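# Per-entry structural report
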Amino acid sequence: MAVLAPLSPSGSCCLRLAAGLRLLPVLGLLPLLVEPGLGRFHHLALKDDVRHKVHLNTFGFFKDGYMQVKVSSLSVNNPTGVMDKDTIIGFSLDRAKNDGFSSYLGEDVNYCILQKQSVSVTVLILDISRSEVKIRSPPEAGTQLPKIILGKDEKVLAQSQGPDVSPVSTSASASASASESGGNQTQKAQDGGKPKRSTVDTQAPGEKSFSIHKDSGAVSFQFSFNISTDDQEGLYSLYFHKCSKTEGQSSDKFSFSLDIEITEKNPDSYLSAGEIPLPKLYICMAFFFFLSGTFWIHILRKRRSEVFKIHWLMAALPFTKSLSLVFHAIDYHYISSQGFPIEGWAVVYYITHLLKGALLFITIALIGTGWAFIKHILSDKDKKIFMIVIPLQVLANVAYIIIESTEEGTTEYGLWKDSLFLVDLLCCGAILFPVVWSIRHLQEASATDGKAAINLAKLKLFRHYYVLIVCYIYFTRIIAFLLKLAVPFQWKWLYQLLDEMATLVFFVLTGYKFQPASDNPYLQLSQEDEDLEMEAVVTTSGVMENMKKVKKVTNGSVEPQGDWDGTA
């Protein structure tokens, strides 16, 4: 893709060179940002983290889907070297029917969820000093919420059962046997027969205790759950919590280290329930973008005499978008089938995605400035816009790539996610300035210039284009996102569908408004400018001040003459 078509012998080279220099370092960093092990097999390692709550993952499950979590080397670090008894750590499993408004776990609350007895989420509370974990399940566990299966043996048994055997019976029997052994008897630990203390007197209703492995102050264990009924389907979020038992007391002085592996899978795909249709969706939309690009090329070839350089730049946009969607579909296909992407396909997708984003904003800004239609060079004010938009687009795409290849629980994930949102809004705002400047210029020209009709037609067209850009930005950034929050979890792919459809409609309407045509007011260049300027020079000279141009009549016809007649 040509980042920017030649503008002028002098001004365009600098702009295109600057864009290329900004893109080259990012293209070289792409292979380093993509890790082949990422996907729906998640691995997160945190060291000396002080956060109170860590959002580990969110995944939509259909019936017969499951999640397996393996926790390794979980420890709480105190500068004094002594574990504070008031510090409480653990996990919580939250369920929602849609992607937004899930529950209070997604909000910043000033209390510790692990200490609440009446909550609608399943919590796992760790006691490192006693090498045990307590599982507290709400009353609806087993009917509307899956039961947690602790330990490797139970997890393997649930996986090895046939389709006719319900995993709920397995989890219930495993929990019951663990409860009996954790009552008046002692239970041997998984790490070699260490006796487990009785926890009957400290257990709350609906709470069960299990022994876990402890080595050098760090605990390790694993748990899983299976979606066995239709009522248990939903969007599940896994959180890690670190807080103080004393209400109002801060636990910032304590840090924790954690190594965790998470595996999520639906019956036929490693993709979340709302992402399963995405590979087919991206392939279909790639076909429509390719079809629109082919039709645009046909129009350009049919009207060669009215084609400008900007038209060929517009032609490259749908093909670049189509390639990006094809590689995105391939990337999701491999994630769906094996749980992680192929590094080569992921890198190619990120490259095409970056080029598509840069080309889109550059093309919009060039049309807004009137380059190649109204003027053949960019003013200094226009060039400043490009010097802002191009780096911002590169930064936005780098943020997107890092988000795609980073686990949700890392501290960098939230920072880059916020950066992407802010930079994207800045880019959308920046590309509106050239259109506003063109509208203001045409307003002034229509009031003072003799060609008011043409300028007013151009002004009307620019206003329509401005409204079109605003609607496109508003719909893809706000409306579609709100719909994503409101729809059920299995319809999350509708957000991508609406976003791609809005982009396709925007491309088609832009091409229709600025198509190469002789009657298009946007393309009606001032053919009389040179004649008007020459006439102004001739009539204002001192020697020819009172002269006027006459026409010679020959045989009833009027013929323009090159000489002048008049008296001084």
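Residues numbered from 1 in each chain as written. Predicted model: local features only at pLDDT ≥ 70, side-chain atom pairs only at ≥ 80, totals over all residues. Heavy atoms only, no water.

## What to know about the sheet that holds strand β6 (residues 132-136)
The sheet built from six strands is open, its strands ordered β2-β11-β4-β5-β6-β8 with antiparallel pairing. Either end of the sheet is taken by a strand with one partner, and the two such strands are β2 (53-61) and β8 (207-211). Taking each pair of neighbouring strands and ignoring which way they run, the sheet shows an average axis angle of 20 degrees. Bridge count between β6 and β8: five bridges; the pairing is antiparallel. Following the sheet pairing, Ile135 is matched in β8 by Lys208. (Pairing = 2+ DSSP bridges. Helix = DSSP H or I, 4+ residues; strand = E, 2+ residues; numbered from the N terminus. Axes fitted to C-alpha atoms, helices over the stretch in contact; angles between N-to-C directions.)

## What to know about unusual backbone geometry
Of all residues except glycine, most have a negative phi; of all peptide bonds, most are trans. The residue Asp64 is not glycine, and still its phi comes out positive at about 75 degrees. Tracing the backbone through its elements, the reader meets Asp64 in the loop between β2 and β3 (66-77). Positive phi values are uncommon outside glycine, yet Ser73 reaches one of about 55 degrees.

## Overview of the confidence of the model for the chain
In this model, the chain carries an average pLDDT of 73, and 66% of its residues clear a pLDDT of 70 or more. The secondary-structure element of the chain with the lowest mean pLDDT is helix α3 (residues 167-181), recorded at 37, while helix α4 (residues 278-302) shows the highest, at 96. Scored below 50 in pLDDT, residues 153-202 makes 66 contacts in the model with residues more than four places away or belonging to other chains. Here residues 561-568 scores under 50 on pLDDT; set against residues more than four positions off or in separate chains, the count is 11 contacts. (pLDDT = per-residue confidence, 0-100. Contact = heavy atoms within 4.5 Å.)

## Notes on the packing of helix α5 (residues 309-338) against helix α11 (residues 493-513)
The contact between α5 and α11 brings their axes to 11 Å, and the two run at 165 degrees. With respect to α11, the element α5 is oriented roughly antiparallel. Both α5 and α11 take part in a crossing whose hand is left-handed. Along its contact with α5, which presents Met314, Leu317, Pro318, Lys321 and Leu325, the element α11 presents Glu500, Thr503, Phe507, Thr510 and Gly511. In terms of residue class, the contact of α5 with α11 is made up of five nonpolar, three polar and two charged. (Parallel < 35°, antiparallel > 145°, perpendicular 65-115°, else oblique. Left-handed = near helix turned anticlockwise from the far one by under 90°. Nonpolar A, V, L, I, M, F, W, Y, C, P; charged D, E, K, R; others polar.)

## Looking at helix α8 (residues 411-430)
The end-to-end C-alpha separation of α8 is 29 Å, in line with the 28 Å expected for 20 residues at 1.5 Å each. Where α8 is concerned, the buried positions are Tyr413, Val423, Asp424, Cys427, Cys428 and Ala430. Angularly, the buried residues of α8 cover 155 degrees about the axis, an arc narrow enough to put them on a single face. Exposed and oriented more than 90 degrees from the buried face of α8 are Leu415, Asp418, Phe421 and Leu422. (Expected span 1.5 Å × (residues − 1). Buried < 20%, exposed > 50% of the residue type's maximum accessible area, 1.4 Å probe, protein only. Arc of directions from axis to C-beta.)

## Comments concerning α11
Its 21 residues give α11 an end-to-end C-alpha distance of 31 Å, which sits within 8% of 30 Å, the value for a rise of 1.5 Å per residue. If you check which residues of α11 are buried, you get Trp493, Gln496, Asp499, Glu500, Ala502, Thr503, Leu504, Phe506, Phe507, Thr510 and Gly511.

## Here's the deal with the packing of aromatic side chains
Centre-to-centre distance and the angle between the planes together describe a pair of aromatic rings. Counted under the stated rule, the structure contains 22 aromatic pairs. Here Phe240 and Phe256 contribute two aromatic rings whose centre-to-centre distance is 4.6 Å and whose plane-to-plane angle is 45 degrees, an arrangement assigned as tilted. With Phe240 in strand β11 (residues 234-244) and Phe256 in strand β12 (residues 255-265), this residue pair connects regions lying 16 residues apart in the sequence. An identical accessibility class is assigned to Phe240 and Phe256; each is buried. Seen in terms of ring centroids, Tyr349 and Tyr350 are 5.3 Å apart; in terms of plane orientation they differ by 45 degrees. Their pairing is tilted. Tyr350 gets classed as buried once you look at its relative accessible area, which sits at 4%. By the ring-pair criterion, three or more aromatic residues cluster together here, those being Phe91, Phe221, Phe223, Phe240 and Phe256. Positioned above the aromatic ring of Tyr270, the side-chain terminus of Lys265 is 5.2 Å from the ring centre. Here Lys381 stacks its cationic end above the ring of Trp437, 4.6 Å away from the centre of that ring. (Phe/Tyr/Trp six-rings, centres within 6.5 Å; stacked < 30°, edge-to-face > 60°. Lys NZ or Arg CZ within 6 Å of the ring centre and 35° of its normal.)

## A look at the nonpolar core
In terms of nonpolar packing, the biggest core is built from 58 residues, with Leu366, Tyr465, Ile469 and Phe506 touching the most fellow members. Of all elements in the fold, only α4, α5, α6 (343-369), α7 (380-404), α8, α9 (432-448), α10 (452-486) and α11 reach the threshold of two or more residues within this core. If sequence neighbours within four positions are ignored, Phe506 has contacts with Leu360, Ile364, Leu468, Ile469 and Tyr472. Ranked by size, the runner-up nonpolar core spans 37 residues in total, among them Leu46, Val71, Ile128 and Phe256. (Core = buried A, V, L, I, M, F, W, Y, C linked by side-chain atoms within 4.5 Å.)

## Re the pattern of salt bridges
On inspection of all chains with the given rule, the structure shows four salt bridges. Salt-bridge contacts for Glu132 lead to Arg130; the nearest nitrogen and oxygen are separated by 3.9 Å. Between Arg477 and Asp424 there is a salt bridge whose closest N-O contact spans 2.6 Å. Within this pair, whereas Arg477 is found in helix α10, its partner Asp424 is found in helix α8, the two being separated by 53 residues in sequence. (Salt bridge = Lys/Arg side-chain N within 4 Å of Asp/Glu carboxyl O.)

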